[in-house]
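Chain residues, written in single-letter form:
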Amino acid sequence: MYRAVAFATIIVLGVVVAATAWVHRDLIRIRIASTSVPVPPKAGDAQSPAPGGGGDAFRGVAPWALSALPDCLIQDSIATGSLAYVRSKLPTGATIVASGSTLHFGPCTIFLRGDEVLVRRGADRLVIPPHVTLYRTARGLALLRKRDGQWEMRVYDPPSPSE
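For the structure given in this document, a descriptive report is provided here.

Looking at the state of the cysteines
Next up, step 1: Summed over all chains, the structure comprises one disulfide.
Next up, step 2: Across the disulfide from cysteine 72 sits cysteine 108; the S-S distance is 1.8 Å. Residues cysteine 72 and cysteine 108 share a disulfide whose torsion about the S-S bond is about 65 degrees; that sign makes it right-handed. Residue cysteine 72 is located in the loop between strand E1 (59-61) and strand E2 (74-81), and its partner cysteine 108 is located in strand E5 (residues 108-113); the two are separated by 36 residues in the primary sequence.
Next up, step 3: The class for cysteine 108 is buried, based on a relative accessible area of 0%.

In structure tokens:
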């Protein structure tokens, strides 16, 4: 009988912990420090580094690109849902960034080309695919994007000097 009670207790506690984590998932904010460490080629390594010295550069299509570059911008919040809902999460005073604009945040250069965004950091090249609208906020940047039939608003701030 004690085994059954212990087993039931473990199951109940597991469900409570999982439910609490799910409810508070928007409050959890993970920050990953980014660093670049040059690694010399090994003997017998047939790969040659890319021009500019970065054989290990990030390249690709990444809707989450700005969230993955914490030395450029730190994601402050994310909201998904209807267009009206996510627009309500846009910081007060935000202004739309015109297509063709170039923005600089830390080591990142952000190009708004049509309704897609190109992000360059050193040898890294990432594309945030259409349909994207960028907004300048008082502190940083907001990104509005339609994803899988839902709208998504991500708000970013530059990293503080201590980060």
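Anyway, onward from the coordinates.
Focus: the sheet that holds strand E8 (residues 132-136)
Next up, step 1: The strand order E2-E10-E9-E8-E3 describes an open sheet built from five strands, whose pairing is antiparallel. Among the strands making up the open sheet, the edge pair consists of E2 and strand E3 (95-96).
Next up, step 2: Of the pairings in the sheet, the one linking strand E9 (residues 141-147) to strand E10 (residues 150-157) comprises seven bridges and is antiparallel in character. Bridge assignment links lysine 146 to a residue of E10, and that residue is tryptophan 151.

Some thoughts on the pairing of E8
Next up, step 1: Examined bridge by bridge, E3 and E8 share two bridges and lie antiparallel to one another. For threonine 95, the partnering residue across the bridge sits in E8 and is arginine 136.
Next up, step 2: Direction of pairing for E8 relative to E9: antiparallel, over a ladder of five bridges. Its bridge partner being in E9, threonine 133 is matched across the sheet by leucine 144.
Next up, step 3: Between the end of E8 and the start of E9, which pair antiparallel, lie four residues.

Remarks on the side chain of arginine 121
Next up, step 1: Among the structural elements, arginine 121 can be located in strand E6 (residues 116-121).
Next up, step 2: Polar side-chain contacts of arginine 121 include one of 2.7 Å to the side chain of aspartate 124.

Here's the deal with unusual backbone geometry
Next up, step 1: Omega for the peptide link from proline 130 to histidine 131 comes to 5 degrees, which places this bond in the cis form.
Next up, step 2: Looking at where histidine 131 falls in the secondary structure, it is placed in the loop between strand E7 (124-128) and E8.

Considering the side chain of glutamate 152
Next up, step 1: The topology assignment puts glutamate 152 in strand E10.
Next up, step 2: A distance of 3.0 Å separates the side chain of glutamate 152 from the side chain of arginine 154, its partner in a polar contact.
Next up, step 3: Residue contacts for glutamate 152: discarding those within four places in its chain leaves Ile78, Ala79, Thr80, Val86, Leu143, Leu144, Arg145 and Arg147.

Quick word on a nonpolar patch on the surface
Next up, step 1: Where nonpolar side chains cluster on the molecular surface, the patch consists of Phe7, Ile11 and Val15 and spans about 310 Å² of accessible area.
Next up, step 2: Examined against the element boundaries, isoleucine 11 turns out to sit in helix H1 (residues 2-23).
Next up, step 3: Judged by its relative accessible area of 43%, isoleucine 11 falls in the partly exposed class.

Some thoughts on the sheet that holds strand E4 (residues 102-105)
Next up, step 1: Spatially, E1-E7-E6-E5-E4 is the arrangement adopted by the five strands of the open sheet, whose pairing is mixed. The sheet terminates laterally at E1 and E4, the two strands that pair on one side only. Each strand of the sheet is rotated relative to its neighbour by a mean of 15 degrees, with strand direction disregarded.
Next up, step 2: Here three bridges tie E1 to E7, and the two strands are oriented parallel to one another. Looking across to E7, one finds that valine 61 is bridged to valine 127.

Cut-offs and rules
- Residues numbered from 1 in each chain as written.
- Predicted model: local features only at pLDDT ≥ 70, side-chain atom pairs only at ≥ 80, totals over all residues.
- Heavy atoms only, no water.
- Disulfide = S-S within 2.5 Å.
- Helix = DSSP H or I, 4+ residues; strand = E, 2+ residues; numbered from the N terminus.
- Buried < 20%, exposed > 50% of the residue type's maximum accessible area, 1.4 Å probe, protein only.
- Pairing = 2+ DSSP bridges.
- Polar contact = N/O pair within 3.5 Å; in protein donor to acceptor, adjacent residues only side chain to side chain.
- Contact = heavy atoms within 4.5 Å.
- Patch = residues over 30% accessible without salt bridge, like charges linked within 9 Å, V, L, I, M, F, W, Y side chains within 5 Å.
- Areas by Shrake-Rupley, 256 points an atom, 1.4 Å probe, with all protein chains shown as cover.
- Salt bridge = Lys/Arg side-chain N within 4 Å of Asp/Glu carboxyl O.
- Axes fitted to C-alpha atoms, helices over the stretch in contact; angles between N-to-C directions.

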